[in-house]
Structures are given as structure tokens and as C-alpha cells.
Amino acid sequence: MKKLATERLTTILSRLDTEAGLSSLQATVEALRRALKVDQILFCSSTGPDRSQNWHTLPPGWTARYAQQGYHRIDPVRAEAQRRVTPFDWRPLDWQSPAARTLRADAVAHGIGPQGFTIPAHGPNGQLALLSITADRDDATWSDLTRANRFALILAAHALHHKIMSQPDADLGQDPDSAAATPPAPRLSPRETDVITLLARGDSRGQIATKLAISEHTLRSYIETARHKLGAVNTPHAVARAIAMGMIPLA
């Protein structure tokens, strides 16, 4: 399965920086779908109570049906995203309950899936965005596609979420006066950059410790130091800020 080239990803995401407001999000989502050659793509952002917005290529009528049926209350994908900071495939999720099976069958009947892959992007005060791709592919083809494009999707999810969070009316849960002053970009050490980069790629802490040949105690120290330098309230926020500041290498 072909990997989305760094140059093409950069071109697609550059639209987010050049266009004011949120007018660029739909075009960016559509460009990602074409580049990845998937059937459907959805970016959903929740920046506060009752403040949810969607940009997608889903079949007509599905979003309305999803809301009408109250699927958001029993959707295993949404439930998993609430507790995850790394990308996940839909196949291992718990689809065993009658309600979940009904949702999945209804989604497939409307052209969603059956394969799916979601990248959560968390904000500092409970904000959550989801970038999901779906397609009708066999397991092997789907695994190749998601493996090859995992990091590109992580970068895209955080870039789209950052666009939302940078809007003047976004519910960031902070003092507007404190947000007005932009602090200088922090300087992470090479090891701190390695750690944040691997977190951004979706590696677990155990995997990172093994790759860098360090203890998990030392790894926690690097994460906390990087988080403090980035002015982040938690680890997902640190990753999001590092991506937004261009501190994570694309290659």
C-alpha cells in the first residue's frame, strides 16, 4: 500500500495556515481522502459543551441518521477515543452488544466501513477531535494502508485540531488576556524531541523506552520536562503543541 508522500501531505496541510477561519477544513478533508484513496473520511471536533462540528465525505443522510438514532451514546469508536491518545483500528473494539451490532450493520448499509481507523486529538481542557477513515477493504490491505500512513494521519489530525483551537471563539477554558501573549517557542533537548516525536507517532511508553534504551522512570522525566517547556497541561496537549509549533519532523 502506497504511503502518502511527505511533500503531498505538507501541501495539503499548508491550506490550513493560509486561509482564515475554518473555510479550509472541508477542502483539506476531501484532499486527504483523495490522497489516501479511502472511501470516507470524517473530522469531528468538540471544543465545549454542545459545540460539535463535522467536516466529512460521508454519504448523504448518515450524519442525520446517526444523530436521530442516538448512536453517539453507544458508539464503541467514540467511547474508545475518550480514553485513548493513540490511533486505533475499529476491528478489535467491542461490537458484541446488540446496540453496537445494530450500529455497525446500519453504518455498513450506508457505505461506512466495514474497516475503520481513528486518530484522537485531545485539547488541554477536555476538547476532543477525531479524524477517522473508513473503507471496504480486506484485512490485509487495510492493515497495510493504516500502517503506511499512521504518522501522516496523526499529523493531519493534530493540524486540523490546532486550526479549530486557534480560532478566537474556541472554548479553550483560559483567560483571554493570557492567550493574547504568545510565548517564544521552547527549546527541547534532542532526547526530549525524540520522546515527543515517538509519542506523536503513536508508540506506547513501553515501546519508546525500549527504542531509546532507557528506563520508563527516565522516560517519564523526559516527558514531564518537555511538557513543562511546552506549557502543556498533559501529555496529549504537549504532543499537539509540539506538532503545531513545527517541532515534530515530518519525515
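Rules used in this analysis
All residue numbers here refer to positions counted from 1 along the written sequence of the relevant chain. Where local features are concerned, this predicted model is filtered to residues with pLDDT of at least 70; where side-chain atom pairs are given and counted, the filter is 80 or more; whole-chain, interface and lining totals use all residues. Derived side-chain values reflect all non-hydrogen atoms in the structure, with water molecules and hydrogen atoms excluded from consideration. Secondary structure elements follow DSSP: runs of H or I no shorter than four residues count as helices, runs of E no shorter than two count as strands, and numbering proceeds from the N terminus. Only protein chains enter the accessibility calculation, which uses a 1.4 Å probe. A residue is then buried if its area is under 20% of the maximum for its type, exposed if over 50%, and partly exposed in between. Here, residues are in contact when the closest pair of their heavy atoms is within 4.5 Å. Using a 1.4 Å probe, the Shrake-Rupley method yields the accessible areas, and only the shown protein chains count as cover for residues. Note on aromatic pairs: the rings of Phe, Tyr and Trp (six-membered ring only in Trp) are paired at centre separations within 6.5 Å, and the planes decide the class, stacked below 30 degrees, edge-to-face beyond 60, tilted for the rest. Here, a charge over a ring means that NZ of Lys or CZ of Arg falls within 6 Å of the ring centre while also lying within 35 degrees of the ring normal. Remark: nonpolar core denotes a set of buried residues (Ala, Val, Leu, Ile, Met, Phe, Trp, Tyr, Cys) joined through side-chain atoms within 4.5 Å. Where each domain begins and ends follows an automated or database-derived domain assignment. Throughout, an axis means a line fitted to C-alpha atoms (over the contacting stretch in the case of helices), and angles, computed between N-to-C directions, take values from 0 to 180 degrees. These descriptions rest on fixed angle ranges, namely under 35 degrees for roughly parallel, over 145 for roughly antiparallel, 65 to 115 for roughly perpendicular, and the rest for oblique. Basically, the charged four are Asp, Glu, Lys and Arg, the nonpolar ten are Ala, Val, Leu, Ile, Met, Phe, Trp, Tyr, Cys and Pro, and anything else, Gly included, counts as polar. By salt bridge we mean one thing: a side-chain nitrogen of Lys or Arg within 4 Å of a carboxyl oxygen of Asp or Glu.

- Going by an unreviewed UniProt entry, the protein carries the name LuxR family transcriptional regulator and comes from Roseovarius nubinhibens.

With respect to the overall build of the protein
Then, number 1: What the protein contains, in helices and strands, is 11 helices and 5 strands.
Then, number 2: Looking at the 251 residues of the protein, the share that counts as buried comes to 46%.
Then, number 3: Sequence separation of 24 or more characterises 64% of the internal contacts of the protein that already satisfy a separation of 6 or more.
Then, number 4: On the protein, roughly 12700 Å² of surface is accessible, and the fraction owed to carbon and sulfur atoms is 52%.

A look at the environment of leucine 130
Then, number 1: By secondary structure assignment, the location of leucine 130 is in strand β5 (residues 128-135).
Then, number 2: Through-space distance from the C-alpha of leucine 130 to that of serine 46 is 8.9 Å; in sequence the pair is 84 residues apart.
Then, number 3: With residues near it in sequence (within four places) discarded, leucine 130 still touches Leu42, Phe43, Cys44, Ala81, Thr118, Ile119 and Pro120.

Describing the packing of aromatic side chains
Then, number 1: What the rule picks out here adds up to 4 aromatic pairs.
Then, number 2: Between the aromatic rings of tyrosine 66 and tyrosine 71, the centroid separation amounts to 6.0 Å while the plane-to-plane angle is 65°, which identifies the pairing as edge-to-face.
Then, number 3: Residue class for tyrosine 66 comes out buried when judged on its relative accessible area of 17%.
Then, number 4: The structure contains a cluster of three or more aromatic residues connected by ring pairs, namely Trp62, Tyr66 and Tyr71.
Then, number 5: Over the ring of tryptophan 95 we find arginine 104, and its NZ or CZ is 4.7 Å from the ring centre.

Observations concerning the nonpolar core
Then, number 1: If you look at the biggest cluster of nonpolar residues, it comprises 54 residues, and the most contacted ones within it are Leu32, Phe43, Leu131, Ile133 and Ile248.
Then, number 2: A per-element tally of this core places helix α6 (residues 139-165) first, with 12 residues.
Then, number 3: Each of two domains, domain 1 (1-166) and domain 2 (190-245), supplies a minimum of three residues to this core.
Then, number 4: Excluding its chain neighbours within four sequence positions, the residues that come into contact with isoleucine 133 are Leu36, Val38, Gln40, Ile41, Gln115, Gly116, Phe117, Trp142, Leu145, Thr146 and Leu153.
Then, number 5: Within the second largest apolar cluster, 16 residues are counted, among which are Tyr66, Val77, Trp95 and Leu103.

Things to note about the packing of helix α8 (residues 190-200) against helix α11 (residues 235-244)
Then, number 1: Across the interface, α8 lies against α11 with an axial gap of 10 Å and an inter-helix angle of 100°. By the angle between their axes, α8 is roughly perpendicular relative to α11. Here α8 contributes Ile196, Leu199 and Ala200 to the contact with α11, which in turn contributes Thr235, Val239, Ala242 and Ile243.
Then, number 2: For the contact of α8 with α11, the per-class residue count stands at 6 nonpolar, 1 polar and no charged.

What about the pattern of salt bridges?
Then, number 1: Counted under the stated rule, the structure contains 12 salt bridges.
Then, number 2: Among the salt bridges present, the one from glutamate 19 reaches arginine 15, with a minimum N-O distance of 3.2 Å.
Then, number 3: In this structure glutamate 19 comes out as partly exposed when scored by relative accessible area, which is 26%.
Then, number 4: With a relative accessible area of 35%, arginine 15 lands in the partly exposed category.
Then, number 5: With its nearest N and O atoms 2.8 Å apart, the salt bridge here joins glutamate 224 to arginine 227. Taken together, the positions of glutamate 224 and arginine 227, both in helix α10 (residues 216-230) and 3 residues apart, correspond to about one turn of that helix.
Then, number 6: Classification of glutamate 224 by relative accessible area gives partly exposed; the value is 38%.
Then, number 7: A single salt-bridge network, built from bridges that share partners, covers Glu80, Arg83 and Arg84.

Notes on the packing of α8 against α10
Two packed helices can be described by the angle between their axes and the distance between those axes.
Then, number 1: Two numbers describe how α8 lies on α10: the axes approach to 9 Å, and their chain directions differ by 95°. With respect to each other, α8 and α10 are oriented roughly perpendicular. Between α8 and α10, the residues in contact are Arg191, Glu192, Val195, Ile196 and Leu199 and Leu219, Tyr222, Ile223, Thr225, Ala226 and Lys229, respectively.
Then, number 2: Taken together, the residues of the contact of α8 with α10 break down into 7 nonpolar, 1 polar and 3 charged.

Examining the environment of leucine 13
Then, number 1: Checked against the element boundaries, leucine 13 lands in helix α1 (residues 6-18).
Then, number 2: Separated by 18 residues in sequence, leucine 13 and alanine 31 have C-alpha atoms that sit 9.3 Å apart.
Then, number 3: Excluding residues within four positions of it along the chain, leucine 13 makes contact with Thr28, Leu155, Ala156 and Ala159.

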